[in-house]
Amino acid sequence: MANKFLWRTNQLINLLPEDCDGALIMSQINGRYFTGFNCDNGYFIVTRGDCVYVTDSRYTEAARKAIGWCEVTEYAGPKMKECFGGIAAGLGLKKLLVESDRMTLSQYRMMSDVLTPAVLSEEGELDRLIESLRVHKDSDEIVCMRAAQNIAEQTLTHLFGMIREGVTEADLAFEFEFYARRLGAERLAFDSIVASGENGSMPHAVPGQRRIRSGDFITFDVGCVVDGYHSDMTRTVAYGAICDEQRKIYDIVRRAQRSAIDYLTGGGDDLAACDAAARDLITAEGYGDYFGHGTGHGVGLEIHEFPSVSFRGGKVPENAVITVEPGIYLPGKYGVRIEDMLYKTADGAVDLTNLDRELLILG
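This write-up is about the structure you can find in this document. (Residues numbered from 1 in each chain as written. Predicted model: local features only at pLDDT ≥ 70, side-chain atom pairs only at ≥ 80, totals over all residues. Heavy atoms only, no water.)

Turning next to unusual backbone geometry. Cis geometry marks the peptide bond from threonine 116 to proline 117; its omega dihedral reads 15 degrees. Structurally, proline 117 can be placed in the loop between α5 (105–114) and β6 (119–121). The phi angle at aspartate 227 is positive, at roughly 50 degrees, despite the residue not being glycine. You can see aspartate 227 is positioned in the loop between β10 (224–226) and β11 (229–230). Overall, the relative accessible area of 47% leaves aspartate 227 in the partly exposed class. The phi angle at asparagine 319 is positive, at roughly 75 degrees, despite the residue not being glycine. Along the polypeptide, asparagine 319 turns up in the loop between β14 (305–309) and β15 (321–324). (Helix = DSSP H or I, 4+ residues; strand = E, 2+ residues; numbered from the N terminus. Buried < 20%, exposed > 50% of the residue type's maximum accessible area, 1.4 Å probe, protein only.)

Written out as structure tokens, the structure reads:
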């Protein structure tokens, strides 16, 4: 395990520009990616000659057990400048890249002070370098994401058996978390979306006290975390008798998602073309104005990662995991969204989602 994290760190070192001595990683998520240690107060200093992980007394023992290949140093609050100043002098630091997208202004000012005489570069280059590494998922990461997806699918199937008239959205959201945790989820990937009836027209509706009624569409956007890695899935189901328009809208979204998935599994790798594969079909059916968000996004240690499946374009990197999630949202009436996660391979893509996409009518 340690070798994997050391390899990632060395990959980052090899990407550092010549005019920089190293990088300072303070964010919890990137610290975990490079060290395997999940800590909300860690400072990982990476240089071509050495690496140092700095934390406080709450985490020192655990950090030393987790990061055996790296020096772990403890600092006390009043002696923070003395600690970091000594590290900067000992490593001969003159210029360090920092995570400008994840660092607050106060953190930047504080670290600029304690790491004197090193200069911190806030130009954003480190964020792009880390992004270029994290987007390529290795086999261990895929195992975790498959496990998270499997728990989510089992849990959502369990929820389908609970749906009846009078059950609230909040009841279903609570049960999802409870059941998923019992199955081994570390936590939820995000606050579950359970949107019934007219609430379904809001893509990120918050589960409330609305009770399920016959004729409702119910959208579930859910995910779990296993060993830090996220899953993300959306299914829209019907309860009771639904109208012809509902069936039509569902079929359009299902075909739009299928179009984008087929583009990827067939070897396509252009993000804008993937977005268009779903969006153009919805537009041709007359509902383009009711699909306002992007077709998907990257997933991994975070629920939203690079890349974005949208009109902005770019390539889908090999070994990336992305979602495909078109939708149609009719204000005041209902909404439909269907979402799968796909793993990009050298010659296509593999769908990591197994739950059926055909319209499920319950009750």
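Don't stop here, the text continues.
Our focus in this paragraph is the nonpolar core. In globular proteins that are soluble, nonpolar side chains generally tend to be buried together. Counting 39 residues, the largest nonpolar core has Leu12, Phe34, Phe44, Tyr53 and Val321 as the members making the most contacts within it. Put simply, the parts of the chain that give this core at least two residues each are α1 (2–15), β1 (22–25), α2 (28–35), β2 (43–47), β3 (51–55), α6 (125–134), α7 (139–160) and β18 (340–344). Not counting residues up to four positions away in its chain, the partners in contact with tyrosine 53 are Thr35, Phe37, Cys39, Gly42, Tyr43, Phe44, Ala63, Ile67, Cys70, Glu71, Val72 and Thr73. Of all hydrophobic cores here, the second largest spans 29 residues; its members include Ile242, Ile252, Phe291 and Leu330. (Core = buried A, V, L, I, M, F, W, Y, C linked by side-chain atoms within 4.5 Å. Contact = heavy atoms within 4.5 Å.)

Topologically, aspartate 351 is positioned in strand β19 (residues 349–351). Its relative accessible area of 19% is what places aspartate 351 among the buried residues. There is a polar contact of 2.9 Å between the side chain of aspartate 351 and the backbone nitrogen of threonine 353. A distance of 2.6 Å separates a polar atom in the side chain of aspartate 351 from a polar atom in the side chain of arginine 357. In contact with aspartate 351, other than residues within four places in its own chain, are Ile261, Asp340, Met341, Leu342 and Arg357. (Polar contact = N/O pair within 3.5 Å; in protein donor to acceptor, adjacent residues only side chain to side chain.)

Turning our attention to the sheet that holds β6. With mixed pairing, the 6 strands of this open sheet are ordered in space as β4-β3-β2-β1-β5-β6. Strands at the two margins of the open sheet, each flanked by one partner only, are β4 (71–74) and β6. With strand direction ignored, the average angle separating the axes of adjacent strands in the sheet is 25 degrees. Across the sheet, α2 lies against β1, β2 and β3, angled at about 120 degrees from β1, the strand it touches most. (Pairing = 2+ DSSP bridges. Axes fitted to C-alpha atoms, helices over the stretch in contact; angles between N-to-C directions.)

Spatially, β8-β9-β12-β20 is the arrangement adopted by the 4 strands of the open sheet, whose pairing is mixed. For this open sheet the edge positions go to β8 (193–196) and β20 (361–362), each flanked by a neighbour on one side alone. Pairing geometry for strand β12 (residues 233–239) and β20, over 2 bridges, is parallel. Bridge assignment links tyrosine 239 to a residue of β20, and that residue is leucine 362. Helix-sheet contacts for α7 involve β9 (216–222), β12 and β20, and the interaxial angle to β12 is about 10 degrees.

We now examine empty space enclosed by the protein. As enumerated under the stated definition, the model contains 1 cavity of 30 Å³ or more in all. Of the pockets and cavities examined, the largest cavity occupies roughly 30 Å³. Looking at the largest cavity, the residues that line it are Ile25, Met26, Ser27, Gln28, Gly31, Cys39, Gly42, Tyr43, Phe44 and Tyr53. Elements with a minimum of two residues in the lining of the largest cavity: α2 and β2. (1 Å grid on protein atoms, 1.4 Å probe; cavity = no way out; pocket = protein on both sides within 12 Å on 5 of 7 lines; lining within 4 Å. Points joined across faces, edges and corners; volume = space filled by probe spheres on them.)

Next up on the list: the pattern of salt bridges. Within this structure, the stated rule accounts for 29 salt bridges. For the salt bridge of glutamate 186 with arginine 32, the shortest nitrogen-to-oxygen distance reads 3.8 Å. Taken as a pair, glutamate 186 in the loop between α8 (169–182) and β7 (187–188) and arginine 32 in helix α2 lie far apart in primary sequence, 154 residues in all. Glutamate 186 gets classed as partly exposed once you look at its relative accessible area, which sits at 31%. Between arginine 32 and aspartate 227 there is a salt bridge, with its nearest N and O atoms 3.7 Å apart. Placement of the pair is arginine 32 in helix α2 and aspartate 227 in the loop between β10 and β11, with a sequence separation of 195 residues. Of the residues examined, arginine 32 reaches a relative accessible area of 14% and is grouped as buried. Salt bridges linked by common partners bring Arg102, Arg134, Lys137, Glu302 and Glu305 together as one network. (Salt bridge = Lys/Arg side-chain N within 4 Å of Asp/Glu carboxyl O.)

Take the packing of aromatic side chains next. Applying the stated criterion to the full structure yields 12 aromatic pairs. Taking 6.2 Å as the distance between ring centres and 45 degrees as the angle between the ring planes, the aromatic pair formed by phenylalanine 44 and tyrosine 53 counts as tilted. This pair shows no difference in class: phenylalanine 44 is buried, exactly as tyrosine 53 is. Here the aromatic cluster, defined as three or more aromatic residues joined through ring pairs, consists of Phe37, Phe44, Tyr53 and Trp69. One cation-aromatic arrangement involves arginine 279 over phenylalanine 291; the distance from NZ or CZ to the ring centre is 4.0 Å. (Phe/Tyr/Trp six-rings, centres within 6.5 Å; stacked < 30°, edge-to-face > 60°. Lys NZ or Arg CZ within 6 Å of the ring centre and 35° of its normal.)

Bear in mind that shape data such as this cannot, by itself, settle questions of function.
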